[in-house]
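Architecture and fold: a report
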Amino acid sequence: MTDVKTPAPAAAAAPPALEITDLVKRYPTGTEALRGVSLSIGSGEFFGLLGPNGAGKSTLIHCTTGLAAPTSGGIRVFGHDAVDGYTEARAAVGLAPQDLNLDQFLTLEETLDFHGGYFGMRKQDRRERVSELLEAFSLSEKRHDRTRSLSGGMKRRLILARALMHRPRLLILDEPTAGVDVELRLELWHYVQRINAEGTTILLTTHYLEEAEQLCDRIAFINGGQLVASGTSPELAARFGVAGLEDAYLELVGRKELSRGLVA
Amino acid sequence: MSALSSGRFTLTPAQIRFASLLRREVARFMKIKRQTIGAPLLETFLYISVFGAALGSRVGRLHGFDYVVFVVPGLIMMAWATNAFSNNSSSILQQKFLRAIDDQLSSPASPAELLLAFTLGGFLRGGLVAVLTFAAASALVGVPVHHPEVLLPALFLVGFFFAQLGVLIGVRAEQFDDVSFAQTFVLQPLLFLGGVFYSASLLPEPFETLTHINPIYYMIGLVRYGFLGYSEINVALALGVLTLATAALFAVNLKLFRSGYKLRA
């Protein structure tokens with residue numbers, strides 16, 4: 001899991017893993033998905049982004065990974081501009097998207113091998129990395145099967161393996177545990193905690209607040225395309241004057257009547 | 001495929017990236033080769049059988065050639081054009097459907113690398129079908145090659161042009177109907193009415209003049225000249241216009257890929 005491709009930046013001047021400044025994204029339909037978002041994620045951090053559906057979480061991720069073009073504002077990944085220096089910026093990012101967007105014509109091995117190739121990995125390195133990841137995600141037996149034959153849980157694991165294939169320094173997980181069973185959720189938690197401990201910066205979006213609480217060093221709330229609060233889980237609770245992260249979240253979305261504290 | 005593998009040579013990361021993008025396109029059509037290689041070959045053989053053996057004896061000779069020999073150059077060109085087009089339009093649309101294309105789009109690949117890799121996928125499939133068709137037609141009926149210096153650039157340009165057109169339609173398409181509409185209602189009629197199966201000079205008016213405004217007529221004319229040495233068109237002018245049209249289409253596609261049109265939000 002050591003990073004051999006990209007030299008570590010000088011410790012004194014290490015740029016943040018992700019620095020977003022006044023990011024605005026307006027779609028041609030006129031919808032303003034992001035309305036001036038700024039945030040900074042330090043190298044090695046485990047950062048959670050929470051917010052209701054349509055808050056702008058995926059749009060922020062898409063702007064960072066080149067799947068959407070920012071209308072204005074800046075995005076820098078380890079100091080590289082995500083628009084003007086996209087080659088370096090994207091090379092540092094691994095994206096596990098919310099959708100199970102696997103190419104159904106390819107086998108598991110090809111899915112990982114081609115992905116590694118898109119990021120310039122050499123054949124020998126790709127071969128070793130494919131075996132390592134298939135083993136780590138208990139997919140070795142399916143190596144030569146086409147992706148369409150996989151169960152939902154296996155597809156989810158393969159998507160994570162694909163995101164990790166090129167050893168990204170910043171891993172973006174967009175709702176990685178949506179619709180997965182308890183064992184797989186815990187398995188994924190253990191895995192991402194391990195790679196975070198080994199130095200990979202992680203940006204996680206999730207609807208499961210206990211997941212964010214369990215995994216993330218820092219959490220930001222996004223709503224209506226704006227970042228409304230950020231901090232550690234206790235800091236957020238204190239800021240909203242409530243007992244925990246869930247109540248803080250309910251305050252944010254204006255549904256505090258749903259608080260579990262009010263359940264008889 | 002072996003020449004594309006990164007193990008034998010010391011390739012730069014950009015070269016590995018491009019080779020991988022192209023390998024993915026080739027892998028897709030090779031996995032379904034009954035449909036992507038076998039079916040078009042069978043179709044061409046059916047044309048040769050019907051128009052060569054069955055009808056050819058009734059038609060007699062055209063401009064000094066057996067009818068089937070007159071038809072084969074157009075069939076070879078049609079095989080390259082339709083396969084290049086349908087490969088790329090289908091491949092891109094299928095990947096867009098499940099958003100699998102995001103894997104390439106979020107990689108460090110440049111718009112030009114992506115465009116060229118998608119283009120060459122269909123170009124290679126069309127070329128493979130065309131070469132196999134040529135080999136089989138040569139064995140069956142004997143096909144001369146009079147002007148390779150015109151034939152090769154003409155076929156390459158036609159293949160590249162239709163590969164580009166396939167990319168354009170695939171990127172624009174939002175449903176499979178959009179792709180089949182372009183193929184069935186635009187491409188196929190233009191190909192059939194462009195003179196694959198007949199000589200425009202034998203048509204009554206206004207059909208002869210109408211044929212002359214069909215750009216595919218000139219493509220078939222170039223390829224037929226390359227094979228048979230027979231021409232109804234200004235070869236140099238047609239080659240020049242085809243080169244310009246191919247370059248213009250590439251420029252349009254590159255602009256679309258750079259802007260992220262219908263690929264990136």
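Residues numbered from 1 in each chain as written. Chains lettered and ligands numbered in written order. Predicted model: local features only at pLDDT ≥ 70, side-chain atom pairs only at ≥ 80, totals over all residues.

Quick look at the overall build of chain A
Worth spelling out the cut-off: For helices the rule is a DSSP run of H or I covering at least 4 residues; for strands it is a run of E covering at least 2, with both sets numbered from the N terminus onward. Computation of the radius of gyration draws on C-alpha atoms, with the globule rule given as 2.2 Å multiplied by the number of residues to the power 0.38. Contact criterion: two residues are in contact if their C-beta atoms, reconstructed from the backbone, are within 7 Å.
Across its full length, chain A carries 9 helices and 10 strands. Over its C-alpha trace chain A gives a radius of gyration of 19 Å, about what one expects of a compact globule, namely 18 Å for 264 residues. In chain A, 66% of the contacts between residues at least 6 apart in sequence involve partners at least 24 apart.

Thoughts on the overall build of chain B
Secondary structure summary: chain B contains 11 helices and 2 strands in total. Shown N-terminal to C-terminal, the secondary structure of chain B runs as helices and strands in the order α-α-α-β-β-α-α-α-α-α-α-α-α. A compact globule built from 265 residues should have a C-alpha radius of gyration of about 18 Å, and chain B, at 19 Å, falls within 12% of that. With respect to the principal axes defined by its C-alpha atoms, chain B has extents near 55 × 40 × 35 Å.

Re the environment of Ser199(B)
Residue and element names in this part refer to chain B. When you line up the elements, Ser199 lands in the loop between helix H8 (176-192) and helix H9 (207-212). Note: C-alpha distance between Ser199 and Thr211 (12 residues apart in sequence) is 10.0 Å. Sequence-distant contacts of Ser199, that is, excluding residues within four places in its chain, are made with Leu62, His63 and Glu232.

Focus: helix H2 (residues 33-54) of chain B
Residues and elements named next belong to chain B. In plain terms, the rule: What is called the bend at a residue is the angle between a pair of axes, fitted to the seven residues leading up to and ending at it and to the seven starting from it. Exposed residues have 12 or fewer other C-beta atoms within 10 Å of their own C-beta, buried residues have 20 or more, and partly exposed residues fall in between, where C-beta atoms are placed from the backbone.
A bend of about 30° at Ala39 is the largest found in H2, and the proline Pro40 appears one to four places after it. Of the positions making up H2, those classed as buried are Thr36, Pro40, Thr44, Tyr47, Ile48, Phe51 and Gly52. Looking at the buried side of H2, the elements it contacts are helix H1 (13-31), helix H3 (56-59), helix H4 (67-97) and helix H6 (111-141).

Side note on the sheet that holds strand E10 (residues 226-231) of chain A
Strand pairing in a sheet relies on backbone hydrogen bonds. The paired strands run either parallel or antiparallel. Residues and elements named next belong to chain A. Heads up, the rule is: Each pair of strands is called paired provided DSSP finds at least two bridges between the two strands. Note on geometry: axes are lines fitted to C-alpha atoms, helical ones only across the stretch in contact, with angles between N-to-C directions running from 0 to 180 degrees.
Taken in spatial order, the 6 strands make up an open sheet running E6-E7-E8-E3-E9-E10, and their pairing is mixed. Every interior strand has two partners, whereas the edge strands, strand E6 (93-96) and E10, have only one. Neighbouring strand axes in the sheet, compared pairwise and without regard to direction, differ in orientation by 15° on average. Two strands pair when backbone bridges link them, and E6 and strand E7 (residues 170-174) are joined in this way by 4 bridges, in the parallel orientation. For Ala96, the partnering residue across the bridge sits in E7 and is Leu173. Running at roughly 115° to E10, helix H8 (residues 233-240) makes contact with strand E9 (218-223) and E10 of the sheet.

Looking at the interface of chain B and chain A
Quick reminder of the rule: Under the scheme applied here, ten amino acids are nonpolar (Ala, Val, Leu, Ile, Met, Phe, Trp, Tyr, Cys and Pro), four are charged (Asp, Glu, Lys and Arg), and all others, including Gly, are polar.
At the interface, 30 residues of chain B touch 30 residues of chain A. Elements that contribute at least two residues to the side of chain B that touches chain A include exactly H1 and helix H5 (102-105) of chain B. The greatest single-element share of the side of chain B that touches chain A, amounting to 12 residues, is contributed by H1(B). For the side of chain B that touches chain A, the class distribution of residues is 12 nonpolar, 9 polar and 9 charged.

Some points on the sheet that holds strand E1 (residues 18-26) of chain A
All names here are of chain A. Strand order in the open sheet formed by 4 strands is E2-E1-E4-E5, and the pairing between neighbours is antiparallel. Of all strands in the sheet, those with a lone pairing partner are strand E2 (32-41) and strand E5 (80-81), marking the two edges. Pairing analysis gives 2 bridges linking strand E4 (residues 72-77) to E5, with the strands arranged antiparallel. What sits directly across from Arg76, in E5, is Asp81.

Some thoughts on the packing of helix H3 (residues 108-118) of chain A against H1(B)
Interhelical geometry of H3(A) versus H1(B) gives an angle of 150° and a closest axis separation of 7 Å. Between H3(A) and H1(B), the residues in contact are Glu110(A), Phe114(A), Gly117(A) and Tyr118(A) and Ile16(B), Arg17(B), Ala19(B), Ser20(B), Leu21(B), Arg23(B), Arg24(B) and Ala27(B), respectively. Its residues assigned to classes, the contact of H3(A) with H1(B) comprises 6 nonpolar, 2 polar and 4 charged.

As for the pairing of strand E3 (residues 46-50) of chain A
For a regular strand, side chains alternate in direction, first toward one face of the sheet and then toward the other. Residue and element names in this part refer to chain A. E3 sits mainly inside the fold: 5 of its 5 residues count as buried. Along E3, one buried face is formed by Phe46, Gly48 and Leu50 and the opposite face, lined by Phe47 and Leu49, is buried too. Of the pairings in the sheet, the one linking E3 to strand E8 (residues 201-205) comprises 4 bridges and is parallel in character. Each residue of the ladder has a partner; that of Gly48, found in E8, is Leu204. One ladder, built from 4 bridges, connects E3 with E9; its direction is parallel. Bridge pairing links Leu49 to Ala220 in E9.

Focus on the confidence of the model for chain A
Which entries qualify depends on this criterion: Residue-level confidence of the predictor is what pLDDT reports, using numbers from 0 through 100.
With 95% of its residues at a pLDDT of 70 or more, chain A shows a mean pLDDT of 91. Across residues 1-11 of chain A the pLDDT falls below 50, and counting only partners more than four positions away or on other chains, this stretch makes 10 contacts in the model.

Looking at unusual backbone geometry
For residues other than glycine, phi is negative in most cases, and the peptide bonds are mostly trans. Of note, Ser138(A) is a non-glycine position whose phi angle comes to about 55°, a positive value. For Ser138(A), the position within the fold is in the loop between helix H4 (123-136) and helix H5 (152-164). Within the chain, Arg99(B) stands out as a residue other than glycine whose phi angle is a positive 60°. Checked against the element boundaries, Arg99(B) lands in the loop between H4 and H5.

Considering the nonpolar core
All names here are of chain B. Here is the rule: We define a nonpolar core as a collection of buried residues of the types Ala, Val, Leu, Ile, Met, Phe, Trp, Tyr and Cys that are connected via C-beta atoms lying within 7 Å of each other.
In this structure, Met77, Trp80, Val158 and Val223 are the most contacted members of the largest nonpolar core, which totals 151 residues. Among the elements that take part in this core, H4 stands out by supplying 16 residues, more than any other. With near-sequence residues (within four places) excluded, Val223 lies in contact with Pro73, Ile76, Met77, Leu151, Ala154, Leu155 and Val158.

With respect to the pairing of E4(A)
Two elements, E1(A) and E4(A), share 5 bridges in a ladder whose sense is antiparallel. When the sheet's bridge partners are listed, Val24(A) is paired in E4(A) with Ser72(A).

A word on the confidence of the model for chain B
In this model, chain B carries an average pLDDT of 90, and 97% of its residues clear a pLDDT of 70 or more. Across the interfaces of the predicted complex, the ipTM metric reaches 0.90, alongside a pTM of 0.91.

Some remarks on the packing of H4(B) against H8(B)
Residue and element names in this part refer to chain B. In plain terms, the rule: Here roughly perpendicular refers to angles of 65 to 115 degrees, roughly parallel to angles under 35, roughly antiparallel to angles over 145, and oblique to all remaining angles. Crossings are classed by handedness, with left-handed meaning an anticlockwise turn of the near helix from the far one by less than a right angle and right-handed meaning a clockwise turn.
Following both chains from N to C, one finds H4 and H8 inclined at 170°, their axes separated by 10 Å at the closest point. Of the possible angle classes, the one that applies to H4 and H8 is roughly antiparallel. Like other packed secondary-structure pairs, H4 and H8 cross with a definite hand, here right-handed. Packed against H4, whose contacting residues are Met78, Ala81, Thr82, Phe85, Ser86, Ser89, Ser90 and Leu93, the element H8 presents Phe176, Val179, Gln183, Leu187 and Leu191 at the interface. Residue classes in the contact of H4 with H8 are distributed as 8 nonpolar, 5 polar and no charged.

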